[in-house]
Amino acid sequence: METTENTLREQIANLQEQLHRQEKMASLGMLSAGIAHEIQNPLNFVINFSKMSAKLTDDLVQLIDDCAEQLDQDDRADLEDIAADLKENMEKIQEHGERAISIIRGILLHSRGKAGEKLPTDVGKLVHEYVWLSYHAMRAGDKTFNISIHEDIQEGMPLLMVVPQDLSRAVLNVMNNACYTVKERAAKEGAEYTPTISIKVALEGGTHLHITITDNGMGMSQEIQQKIFENFFTTKPIGQGTGLGMSITRDIVTRQHQGQLLMASEPNVGTTFTFIIPVKTVK
Ligand SMILES: Nc1ncnc2c1ncn2[C@@H]1O[C@H](COP(=O)(O)OP(=O)(O)O)[C@@H](O)[C@H]1O
Ligand SMILES: [Mg+2]
C-alpha cells in the first residue's frame, strides 16, 4: 500500500515537472513568435525608408551635377562626397536590416515547430487519464480539497485519428482551468457548495468526436469570455497563470484538428467547453 502510494506520488511529481517544462517551452515559443512578428513590421519600415533615401540621394547627386555652374569647385566636391557617403550608409542600413529580417523569419519558422502526427488513439482513455492527472496535480498542492468528478465516456469507441500529445494538452488546459475555478468558488462559498466537474466523451454519427467539460465554478462575464482566447490574457495572480492555455487549446482544436471549440458560461453558475472534432476511425 505504502509503496503504491509512493510510486503514484513519484509519477505525479514527474508528470507535473514534465507539464511545467512543456508549458514553459510553449510560452517561450509563442513569446518569440509574437516578438518576431511584431519586429517584422518596423523593420520593413526601416528597410523601405532607407531604400527611398538611397533613391533621394541619387536625385541629390543629379541636382549637384545640374547646378555645377553655380557652385564653387571645393563646395561641389564636398557635396558630392557627402552624397556618396549618405548613399553608402543607406545601403548598409538596408543590408543589415535585411539580415535582421532573415533572422526573424528563421525564428518564426522554428517556433511554429513540427506538425504533430495523427495517430490511432483511444480517446476515451486519453481523456480519462488527463482529467485525473489534472485533478491529482491540483490535489498535490492541497490535500484537503476535493472535487466531485463525473465521467460519461462512451464505451467501445473505435480508435480515432488525432494528435494525441496535443489533444491531451487541450483537455489538460481546460481541466486545469476548471479545477482552478471550482477551487476559487469553494474558497468563497464554503461548505454549502459542492465543487463538480463533468466530462463527456462520445463519437457522434460515427464521424464527430465530442468532448465536453463542464464545471460549476465562477463562470465568466461577457467581457472576459471575449478575451479568453487571446494570447497572455489571464485573470490569475502573477505566477499562477500564463494566459496561454485557452489560445493554445483553440489552436489545437480548430487549426490542428479542423474542429470547433464551443463555450457557454454564466457568472456564478459555471462554464462548459465542447470540442467538436471531425475524425477518421480506425477499423
Ligand atoms: N472554466 C473557467 N471558468 C472561469 N474562468 C475561466 C475558465 N477557463 C478560463 N477562464 C478565464 O480565462 C482566462 C484565460 O485562461 P487560460 O488561457 O487558460 O490562461 P490562465 O489559466 O493561465 O489564466 C483565465 O485567467 C480565466 O479568467
Ligand atoms: Mg489555464
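Residues numbered from 1 in each chain as written. Chains lettered and ligands numbered in written order. Predicted model: local features only at pLDDT ≥ 70, side-chain atom pairs only at ≥ 80, totals over all residues.

So what's going on with the overall build of the chain? Which residues, and what values?
The helix and strand inventory of the chain stands at 6 helices and 8 strands. For the chain, the N- to C-terminal ordering of α and β elements is α-α-β-α-β-β-α-β-β-α-α-β-β-β. The C-alpha atoms of the chain give 29 Å as radius of gyration, which overshoots the globular expectation for 283 residues (19 Å, by more than 25%). Based on the C-alpha atoms only, the size of the chain along its principal axes is roughly 100 × 50 × 40 Å. Looking at the chain as a whole, 19% of its 283 residues are labelled buried. Residue pairs at least 24 apart in sequence account for 74% of intrachain contacts in the chain once pairs closer than 6 positions are excluded. (Helix = DSSP H or I, 4+ residues; strand = E, 2+ residues; numbered from the N terminus. Rg over C-alpha atoms; globule rule 2.2 N^0.38 Å. Buried ≥ 20, exposed ≤ 12 C-beta atoms within 10 Å, placed from the backbone. Contact = placed C-beta atoms within 7 Å.)

Describe unusual backbone geometry, naming the residues involved and giving the relevant values.
The phi dihedral of Phe232 is positive, around 70 degrees, even though this residue is not glycine. Inspection of the secondary structure puts Phe232 in the loop between helix H5 (222-225) and helix H6 (245-256). One non-glycine residue, Asn268, lies in positive phi territory at about 65 degrees. Within the fold, Asn268 resides in the loop between strand S6 (260-266) and strand S7 (270-278).

Summarise the pairing of strand S4 (residues 196-204); cite the residues concerned and give the values.
Note: strand S2 (residues 148-153) against S4, 6 bridges, orientation parallel. Paired with Ser148 across the bridge in S4 is Thr196. Here S4 runs beside strand S5 (residues 208-215); their pairing, made up of 8 bridges, is antiparallel. Bridge pairing links Ile197 to Asp215 in S5. With antiparallel pairing between neighbouring strands as the criterion, S4 and S5 make up a hairpin whose turn holds 3 residues, including Gly205 at a positive phi of roughly 60 degrees. (Pairing = 2+ DSSP bridges.)

How would you summarise the site of ligand 1 if you had to cite specific residues and measurements?
Taken together, 22 residues are adjacent to ligand 1, and Asn177, Thr234, Gly241, Gly245 and Met246 come closest. Broken down by secondary-structure element, the contributors of at least two residues to the shell around ligand 1 are helix H4 (164-189) and H6. For the shell around ligand 1, the element with the most residues is H4, which contributes 4 residues. Tallied by class, the residues present in the shell around ligand 1 amount to 8 nonpolar, 12 polar and 2 charged. (Near = placed C-beta within 6 Å. Nonpolar A, V, L, I, M, F, W, Y, C, P; charged D, E, K, R; others polar.)

Tell me about the packing of H4 against H6, and please be specific about residues and values.
Packing of H4 against H6 brings their axes to within 9 Å, and their N-to-C directions diverge by 140 degrees. In terms of orientation, H4 lies oblique with respect to H6. The crossing of H4 and H6 is left-handed. Between H4, through Asp166, Leu167, Arg169, Ala170, Asn173, Val174, Asn176 and Asn177, and H6, the contact on the second element is made entirely by Gly245, Met246, Ile248, Thr249, Ile252, Val253 and Gln256. (Axes fitted to C-alpha atoms, helices over the stretch in contact; angles between N-to-C directions. Parallel < 35°, antiparallel > 145°, perpendicular 65-115°, else oblique. Left-handed = near helix turned anticlockwise from the far one by under 90°.)

How would you explain the sheet that holds S2 if you had to name every residue and give the values?
Pairing within the open sheet is mixed, and its 5 strands lie in the order S2-S4-S5-S7-S6. The sheet terminates laterally at S2 and S6, the two strands that pair on one side only. On average, each strand axis in the sheet is tilted by 10 degrees relative to the strand beside it, whichever way the strands run. Summarising the sheet, S5 and S7 pair through 8 bridges and their orientation is antiparallel. Residue pairing for S7: Asp215 is matched across the bridge by Thr271. Helix H3 (residues 123-141) contacts S2, S4 and S5 of the sheet and is inclined by roughly 170 degrees relative to S2. Taken strand by strand, H6 contacts S6 and S7, and its axis lies near 135 degrees from that of S6.

Any details on H6? Residues and values, ideally.
If you check H6, its first and last C-alpha atoms are 15 Å apart, about what 12 residues at 1.5 Å a residue would give, namely 16 Å. Listed in full, the buried residues belonging to H6 are Gly245, Met246, Ile248, Thr249, Ile252 and Val253. Buried residues of H6, viewed axially, fall in a sector of 165 degrees; they line one side. (Expected span 1.5 Å × (residues − 1). Arc of directions from axis to C-beta.)

Help me get a handle on the domain arrangement of the chain, residues and values and all.
What the domain assignment reports for the chain is domain 1 (2-112) and domain 2 (119-282). Taking the mean C-alpha position of each, domain 1 and domain 2 sit 39 Å from one another. Taken together, the 8 residues of domain 1 in the interface contact 8 residues of domain 2. Partitioning the side of domain 1 that touches domain 2 into residue classes produces 4 nonpolar, 3 polar and 1 charged. (Domains from an automatic or database assignment.)

Describe the environment of Lys118, and please don't skip the residues or the numbers.
Relative to the assigned elements, Lys118 resides in the loop between helix H2 (73-112) and strand S1 (119-121). C-alpha of Lys118 to C-alpha of Val162: the two residues are 44 residues apart in sequence and 4.6 Å apart in space. Discounting chain neighbours no more than four positions away, the residues touching Lys118 are Met161, Val162 and Val163.

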